[in-house]
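# Observations on the model geometry
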Amino acid sequence: ETVKTAPGSVESLAGWIKKIGDGNFYKWRVANRLGKLARELVTRQESQGEHPRRMQLEGLGWDPPQKVQRYLEAGLNESFVDYPRPALAILPKSTTPFDLDVNEVVKFLESQVEASNERKHP
């Protein structure tokens, strides 16, 4: 008998990323998860003796491109319902902060992890 385990956070996020093309809910869900990860990174950096700014995405060394910052903040503070689909399918969809290529966000977050590790172990 095979026991099925619950997916871990990375596996779960990968599943959401695969569904991004399916609509704003999935885009928001990924932005929300990445926003929470970003908040955790900032909180960790702040707890290393820098001035804490609690739940905001700002801090020493935190300088993402504006569109990445907007994406992460929208993931934390907004919802997919803030960007409804047009009532008529023939109307163009409005753009959202969640339309940013998730790879840009992941690359920035990776750079933050690397920079944090360098500060800990020069």
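One structure accompanies this document, and this report is about it.

Turning our eyes to something else, we now look at the overall build of the protein. Scanning the protein from terminus to terminus reveals four helices and zero strands. Counting from the amino terminus, helix and strand elements in the protein follow one another as α-α-α-α. Out of the 122 residues in the protein, the part that is buried amounts to 33%. Counting only contacts in the protein whose residues sit at least 6 apart along the sequence, the fraction spanning at least 24 positions is 58%. As presented, the protein carries roughly 8,500 Å² of accessible surface, and 54% of it is formed by carbon and sulfur atoms.

Another point: the pattern of salt bridges. A complete count under the given rule lists three salt bridges for this structure. The salt bridge involving Glu104 is made with Lys67; its shortest N-O contact spans 3.2 Å. In this pair, Glu104 is assigned in helix α4 (residues 102-120) and Lys67 in helix α3 (residues 66-77), connecting sequence segments 37 residues apart. The partly exposed category is assigned to Lys67, whose relative accessible area is 47%. Salt-bridge contacts for Glu78 lead to Arg70; the nearest nitrogen and oxygen are separated by 2.7 Å. Residue class for Arg70 comes out partly exposed when judged on its relative accessible area of 35%.

Taking 1.5 Å of rise per residue, twelve residues should cover 16 Å, and α3 covers 16 Å from first to last C-alpha, within 8% of that figure. When α3 is considered as a whole, its buried residues turn out to be Val68, Gln69, Tyr71, Leu72, Ala74, Gly75 and Leu76.

By the definition in use, this model includes six aromatic pairs. Taking the centre distance of 6.1 Å and the plane angle of 40° together, the rings of Phe25 and Trp28 count as tilted. Here Phe25 and its partner Trp28 are both found in helix α2 (residues 24-46), three residues apart, which amounts to about one turn of the helix. Take Trp28: its relative accessible area is 13%, and that puts it in the buried class. Measuring from ring centre to ring centre gives 5.8 Å for Trp28 and Phe80, while their planes differ by 50°; the resulting arrangement is tilted.

Conventions we followed
Residues numbered from 1 in each chain as written. Predicted model: local features only at pLDDT ≥ 70, side-chain atom pairs only at ≥ 80, totals over all residues. Heavy atoms only, no water. Helix = DSSP H or I, 4+ residues; strand = E, 2+ residues; numbered from the N terminus. Buried < 20%, exposed > 50% of the residue type's maximum accessible area, 1.4 Å probe, protein only. Contact = heavy atoms within 4.5 Å. Areas by Shrake-Rupley, 256 points an atom, 1.4 Å probe, with all protein chains shown as cover. Salt bridge = Lys/Arg side-chain N within 4 Å of Asp/Glu carboxyl O. Expected span 1.5 Å × (residues − 1). Phe/Tyr/Trp six-rings, centres within 6.5 Å; stacked < 30°, edge-to-face > 60°.

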